[in-house]
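Now for the letters of each chain:
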Amino acid sequence: GTWEEVKVLSTERPGCRENNGVVIGDGSRMYLFGGYNGTSWLNDLWMFDIDTQRWTCIQESSDPRPTDDSQSALGDAPNRPGAHGRVPSR
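Residues numbered from 1 in each chain as written. Predicted model: local features only at pLDDT ≥ 70, side-chain atom pairs only at ≥ 80, totals over all residues. Heavy atoms only, no water.

### Overview of the pattern of salt bridges
Okay, so step 1: Counting across every chain of the model gives 3 salt bridges.
Okay, so step 2: Close ionic contact of Asp-26 with Arg-29 constitutes a salt bridge, the shortest N to O distance being 3.9 Å.
Okay, so step 3: You can call Asp-26 exposed: its relative accessible area is 57%.
Okay, so step 4: A relative accessible area of 32% places Arg-29 in the partly exposed class.
Okay, so step 5: Arg-29 is paired through a salt bridge with Asp-49; the nearest N and O atoms lie 3.8 Å apart. Remark: Asp-49 occurs in strand β3 (residues 41-49) and Arg-29 occurs in strand β2 (residues 29-36); sequence separation between them is 20 residues. (Salt bridge = Lys/Arg side-chain N within 4 Å of Asp/Glu carboxyl O. Buried < 20%, exposed > 50% of the residue type's maximum accessible area, 1.4 Å probe, protein only. Helix = DSSP H or I, 4+ residues; strand = E, 2+ residues; numbered from the N terminus.)

### Quick word on the pairing of strand β4 (residues 54-59)
Okay, so step 1: Relative to β4, β3 runs antiparallel, the two being bridged by 5 bridges. Within β4, the residue paired with Leu-45 across the bridge is Gln-59.
Okay, so step 2: Hairpin connection between β3 and β4: a loop of 4 residues separates the two successive antiparallel strands, and Gln-53 in this loop has a positive phi of roughly 60°. (Pairing = 2+ DSSP bridges.)

### As for the packing of aromatic side chains
Okay, so step 1: Summed over the entire model, instances satisfying the criterion amount to 3 aromatic pairs.
Okay, so step 2: Pairing Tyr-36 with Trp-41 gives two aromatic rings, centres 5.0 Å apart and planes at 50°, and the pair type is tilted.
Okay, so step 3: The exposure class of Trp-41 is partly exposed, given its relative accessible area of 23%.
Okay, so step 4: Residues Trp-46 and Trp-55 carry aromatic rings whose centres are separated by 6.3 Å and whose planes lie at 85° to one another, so their mutual orientation is edge-to-face. (Phe/Tyr/Trp six-rings, centres within 6.5 Å; stacked < 30°, edge-to-face > 60°.)

### As for the confidence of the model for the protein
Okay, so step 1: Looking at the protein, pLDDT values average 79 and 68% of them are 70 or higher.
Okay, so step 2: Element-level mean pLDDT values for the protein span from 50 in strand β6 (residues 83-86) up to 94 in β4. (pLDDT = per-residue confidence, 0-100.)

### Quick word on the sheet that holds β2
Okay, so step 1: Strand order in this open sheet of 4 strands is β1-β2-β3-β4, and the pairing throughout is antiparallel. What marks the edges here is a single partner per strand, and that holds for β1 (21-24) and β4. The average undirected angle you get between the axes of adjacent strands in this sheet is 20°.
Okay, so step 2: Relative to β2, β1 runs antiparallel, the two sharing 4 bridges. Along β2, the bridge assignment pairs Val-22 with Leu-32. (Axes fitted to C-alpha atoms, helices over the stretch in contact; angles between N-to-C directions.)

### Some words on the side chain of Asp-44
Okay, so step 1: Secondary-structure assignment places Asp-44 in strand β3.
Okay, so step 2: Judged by its relative accessible area of 7%, Asp-44 is buried.
Okay, so step 3: A distance of 2.8 Å separates the side chain of Asp-44 from the side chain of Arg-17, its partner in a polar contact.
Okay, so step 4: In this view, Asp-44 contacts Arg-17, Leu-32, Phe-33, Gly-34, Gln-59, Glu-60 and Ser-61; residues no more than four positions away in its chain are not counted. (Polar contact = N/O pair within 3.5 Å; in protein donor to acceptor, adjacent residues only side chain to side chain. Contact = heavy atoms within 4.5 Å.)

Right, here's the structure in full:
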C-alpha cells in the first residue's frame, strides 16, 4: 500500500497533542481522545469522518482530566461512540 495525504475539509479540528488515544470505529470514523498539548492534559473527544474528511467535536474538555497512564477503547454499543478507562496510579 501507499500513503496518501488526507485533506481536512472542516474548519473545526482538534489542536496539536501527544499521548492521546485513537481508535478506528466502523471503518469510516476515527475517534481521538484527550492527550497533552504541551501545557495541560486534555479531556476532549473528537470524531474524524474519513468519507466526508471532517472533524466533529463530540465532547469538550472537562474535569477530571486523564493522566499520562490513561487508555482508550471503543465498544460496539449503539449510540455510544467512545469509551475511556484510566489505569490507577501505581
